Amino acid sequence: MERGEPAPPARATGARGLLPDLSPWRSSRDFRLLWTQGLITYIGAAMALIALPLQIKDLTGSPLAVGAMGAVELVPLIVFGLYGGALADAVDRRKVIIATEAGLGVLAAVLLVNALLPEPLLWPLYLVAAGVAALTGLQRPALDSLMARIVPHDQLPAAAALNALRWQAGEIAGPSLAGVVVAFAGSAPAYGITVVTFAVSVLMCRGLGAAPPSEGAPKPSLRGLAEGARYAWSRPVLLGTYAIDLAAMFFAFPHAIFPFLADELDAEWSLGLMYAAGAVGSLLIGLTSGWLSRTRRHGLLVVAGATVWGLAIAAAGWFDSVWPVLACLAVAGAGDMISGLGRSTIWNQTIPEGLRGRLAGIEVLSYSVGPQLGQVRAGAMASWTGTRAAFWSGGLACVASVALLAAVLPKLIAYDAETDPDARRRRAEKEPSAESPEAAPEASPREFPEGSPAAGT
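Read on for a plain summary of the structure. Position numbers for residues count from 1 along each chain, tracking the sequence in the order it is written. Residue-level local features of this predicted model are given only where pLDDT is at least 70; pairs of side-chain atoms are given and counted only at 80 or more, and the full residue set underlies all totals for whole chains, interfaces and linings. Hydrogens and waters are ignored; side-chain quantities use all the structure's heavy atoms.

Re the pattern of salt bridges
Line of reasoning, step 1. For this document, the term salt bridge refers to a Lys or Arg side-chain nitrogen within 4 Å of an Asp or Glu carboxyl oxygen. The tally for this structure, following the rule as stated, stands at 10 salt bridges.
Line of reasoning, step 2. A salt bridge links Asp30 to Arg29; the shortest N-O distance between them is 3.4 Å.
Line of reasoning, step 3. The buried label goes to any residue with under 20% of its type's maximum accessible area, the exposed label to any with over 50%, and the partly exposed label to all in between, with areas taken from a 1.4 Å probe on protein chains only. For Asp30, a relative accessible area of 16% puts it in the buried group.
Line of reasoning, step 4. In this structure, Asp144 and Arg140 form a salt bridge, with 3.7 Å as the shortest nitrogen-oxygen distance. Separated by four residues within a single helix, Asp144 and Arg140 lie in helix H5 (residues 123-150), roughly one turn from each other.
Line of reasoning, step 5. Overlapping salt bridges bring together Asp89, Arg93, Glu227 and Arg358 as one network. Each helix is a run of DSSP H or I of at least 4 residues and each strand a run of E of at least 2, with the numbering of both proceeding from the N terminus.

Overview of the side chain of Thr100
Line of reasoning, step 1. Mapped onto the secondary structure, Thr100 falls in helix H4 (residues 93-116).
Line of reasoning, step 2. Engagement of the side chain of Thr100 in a polar contact is seen with the side chain of Gln139, the distance being 3.0 Å. Polar contacts, as counted here, are pairs of nitrogen or oxygen atoms within 3.5 Å of one another; within protein the pair requires one atom able to donate a hydrogen and one able to accept it, and residues that are adjacent in sequence qualify only if both atoms are side-chain atoms.

Some details on the packing of helix H9 (residues 236-251) against helix H12 (residues 298-316)
Line of reasoning, step 1. Under this scheme, a helix contributes an axis fitted over its contacting stretch, all axes are lines through C-alpha atoms, and angles between N-to-C directions fall in the 0 to 180 degree range. Where H9 meets H12, the axes come as close as 10 Å, and the angle between the chain directions of the two elements is 5 degrees. Relative to H12, the element H9 is oriented roughly parallel. Contacts between H9 and H12 involve Thr241, Ile244, Ala248 and Met249 on the former and, on the latter, Val302, Val303, Ala306 and Trp309.
Line of reasoning, step 2. Under the grouping applied here, Gly and all other residues not named as nonpolar or charged are polar, the nonpolar ones being Ala, Val, Leu, Ile, Met, Phe, Trp, Tyr, Cys and Pro and the charged ones Asp, Glu, Lys and Arg. When grouped by side-chain class, the residues that make up the contact of H9 with H12 number seven nonpolar, one polar and no charged. Throughout this description, any angle smaller than 35 degrees is read as roughly parallel, any larger than 145 degrees as roughly antiparallel, any in the 65 to 115 degree range as roughly perpendicular, and the remainder as oblique. The contact definition used throughout considers only heavy atoms, calling two residues in contact when any of these lie within 4.5 Å.

Quick notes on the side chain of Arg343
Line of reasoning, step 1. Here Arg343 lies in helix H13 (residues 322-350).
Line of reasoning, step 2. Of the polar contacts made by the side chain of Arg343, one reaches the side chain of Ser339; its length is 3.0 Å.
Line of reasoning, step 3. Beyond its immediate sequence surroundings of up to four residues, Arg343 is in contact with Thr241, Asp245, Val302 and Asp336.

Given below as structure tokens:
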């Protein structure tokens, strides 16, 4: 160790080394507030996630109609996701989060009113789905780009693990509770719980500290969006995270046809468990995520996790008993968690502060558009070849596409948090004493470094 270099923090070993790292929780009040608010929101949103497709199924009886919900959400998500990224770089991110949470609560109230009608209408369900996609597109860049500002650089992997753990808890509690509520009381009580959770979330978000834009931040514009896109295209590591997540979700996201799989397996009671099974697998990874703080090869995690996800989804289509299917979905969730931790860490460790919002908008497209298209693919494939074939064919296509992308973008697998130039620059910006900025000269976002996809990799 060089003279003057800070000693590395002590790491827990053995079983204690597997426990989640709670450093971000202890060091940041805003992180604690966002973590708690997010858990409450996830539970409420998961209630609607179960009730909405099930209500469409009951009204139409068509897997294609359920899958069409993804098509309805696609355009608003793309347009408002990109605009939300530019907006997050130009205004106070706290204000964006509060406004969009309030809007989501209003849309949940619309679902509640419709469910209380003597004969609920179909078109408001699609309209609300489109509105939720638009508000999510506006919110997620502000929410995601805020993390690197409120958490110290060396605690970003731990923050990613804790955020994922929060999501898993909500995904388990929400669908499980929703399955019971919808089965015994109908969709209206589920939507009512969603409204209450968003009201609580708005009140909590008002307690966040201000998050004004960087000095001289550009106003939202197409030129600013193009600058962010050029930067992402010039970084093979970032490009790889987006592409692999998009491919994995497009080919192997069968959530829209879970109600039909439950019917085929003669296990209608298992619908809530199917939605929650992936979160159970993710939770097991999250509860043993202490290893992530000692991991440097986050690109390898992205590839390996996406491969496990695809194989497990394919396997779920080969069983005719519900319990092996639930086990496969849990394994898929574990793989998705591993891949997601790698993606989130790379994004937070390498993206410049001035571009975080716009790059977060691209991230929204990579991990949100994929599932929306995946719902359409799964619904169409199920109508054509059958429900179980839609599972295994999509899973195998996912594995093949991940392998191809890993071969085309080898820098993703080679990513090392200690040696990657962008990660070193970001660490130097937040911890000037740790290393000299001259050690890794900054490149303009408009430059395409040698070896980038734009240079013909």
